[in-house]
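Listed below are the residues making up each chain.
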Amino acid sequence: MCAESPGESTTEPGPPLRVLCVDDNSDAADTTVELLCAVGFEARACYSGPAALALAETFHPGVCLLDLNMPGMDGDELALRLRPDPGAGPVVLVALTAMNDDNSRRRIAAAGFDLHLVKPVDPHQLVTVVDKLWHAWEARQKPAADARAVQ
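The model shown is predicted, which means the values in this text are computed figures rather than measured ones.

Q: Provide a residue-level description of helix α4 (residues 102-110), including the pertinent values.
A: Its side-chain oxygen at 3.0 Å from the backbone nitrogen of Asn103, Asp101 defines the N-terminal cap of α4. Phi turns positive, to about 90°, at Gly112, one or two residues after α4.

Q: Describe the pattern of salt bridges, naming the residues involved and giving the relevant values.
A: Under the criterion given, the structure shown has nine salt bridges. With a shortest N-O distance of 3.6 Å, Arg107 and Asp74 are connected by a salt bridge. Here Asp74 lies in the loop between β4 (63-66) and α3 (75-82) and Arg107 lies in helix α4, a separation of 33 residues in the sequence. Exposure remark for Arg107: the relative accessible area of 23% places this residue in the partly exposed category.

Q: I'd like to hear about the state of the cysteines, residue by residue, with values.
A: The tally for this structure, following the rule as stated, stands at zero disulfides. We note that Cys21 lacks a disulfide partner, and the nearest cysteine sulfur, in Cys46, lies 9.2 Å from it. Of the residues examined, Cys21 reaches a relative accessible area of 3% and is grouped as buried.

Q: Any chance you could break down the pairing of strand β2 (residues 18-22) for me, citing the residues and the numbers?
A: With four of five residues buried, β2 lies mostly within the body of the structure. Handedness of the crossover joining β2 and strand β3 (residues 42-46) through helix α1 (residues 26-38): right-handed. Pairing between β2 and β4: four bridges, direction parallel. Residue pairing across strands places Cys21 opposite Leu65, the latter belonging to β4.

Q: Which residues make up the environment of Leu133, and what values go with them?
A: Relative to the elements of secondary structure, Leu133 occurs in helix α5 (residues 123-150). You can call Leu133 buried: its relative accessible area is 13%. Excluding its chain neighbours within four sequence positions, the residues that come into contact with Leu133 are Val63, Val92, Val94 and Leu115.

Q: Mind laying out the environment of Leu55, listing which residues take part and the relevant values?
A: Of note, Leu55 is situated in helix α2 (residues 49-59). What makes Leu55 buried here is its relative accessible area of 17%. For the pair formed by Leu55 and Arg44, sequence separation is eleven residues and the distance between their alpha carbons is 8.8 Å.

Q: If you had to explain unusual backbone geometry to someone new, which residues and values would you point to?
A: Outside of glycine, negative phi angles account for most residues, and trans bonds account for most peptide bonds. Of note, the bond from Lys119 into Pro120 is cis; its omega dihedral lies within 30 degrees of zero at -5°. In this fold, Pro120 is placed in the loop between β6 (115-118) and α5. For His60, which is not glycine, the phi dihedral falls at a positive 55°. Looking at the element boundaries, His60 is found in the loop between α2 and β4. Under the relative-accessibility criterion, His60 is labelled exposed at 54%.

Q: I'd love a proper account of the pairing of β3, names of residues and values included.
A: Burial runs high along β3: five of the five residues are buried. Where burial is concerned, the two faces of β3 agree: the one with Glu42, Arg44 and Cys46 and the one with Ala43 and Ala45 are both buried. In this structure, β2 lies alongside β3, joined through five bridges in parallel fashion. Directly across from Cys21, in β3, lies its bridge partner Ala45.

Parameters and conventions
Residues numbered from 1 in each chain as written. Predicted model: local features only at pLDDT ≥ 70, side-chain atom pairs only at ≥ 80, totals over all residues. Heavy atoms only, no water. Polar contact = N/O pair within 3.5 Å; in protein donor to acceptor, adjacent residues only side chain to side chain. Helix = DSSP H or I, 4+ residues; strand = E, 2+ residues; numbered from the N terminus. Salt bridge = Lys/Arg side-chain N within 4 Å of Asp/Glu carboxyl O. Buried < 20%, exposed > 50% of the residue type's maximum accessible area, 1.4 Å probe, protein only. Disulfide = S-S within 2.5 Å. Right-handed = clockwise from strand over helix to strand, strands pointing away. Pairing = 2+ DSSP bridges. Contact = heavy atoms within 4.5 Å.

This is the structure in structure tokens:
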């Protein structure tokens, strides 16, 4: 099941970045979403891989924060299914997990994650990382919007 959290407008130009947080620990997912919404991101929580896939089709997240160890569909499979080709799915996939050994890092790289954050993540660090991802996302959107305006 997915929990919807209201997005808040940001003081920066343009729409807020959409963040999807997927963790079978609903408290962890909900707390992360509340934090991100409090600082101006539009965020949603899902507690399973299948629910995240369904929500991603309509929510169109720019960043996905994915736990790796979830029952059923784990974070690796979810990452691969969220971004089956470079032009589809979320802009950035972030593994947000307690796992930090060599095998886990290889697993994260093989699944195509862009970043790996180790739980527990300092809330300030998480907001800073997502904010940097948002600004990078906006920078990539501007040339495309400018090109469409010229046509």
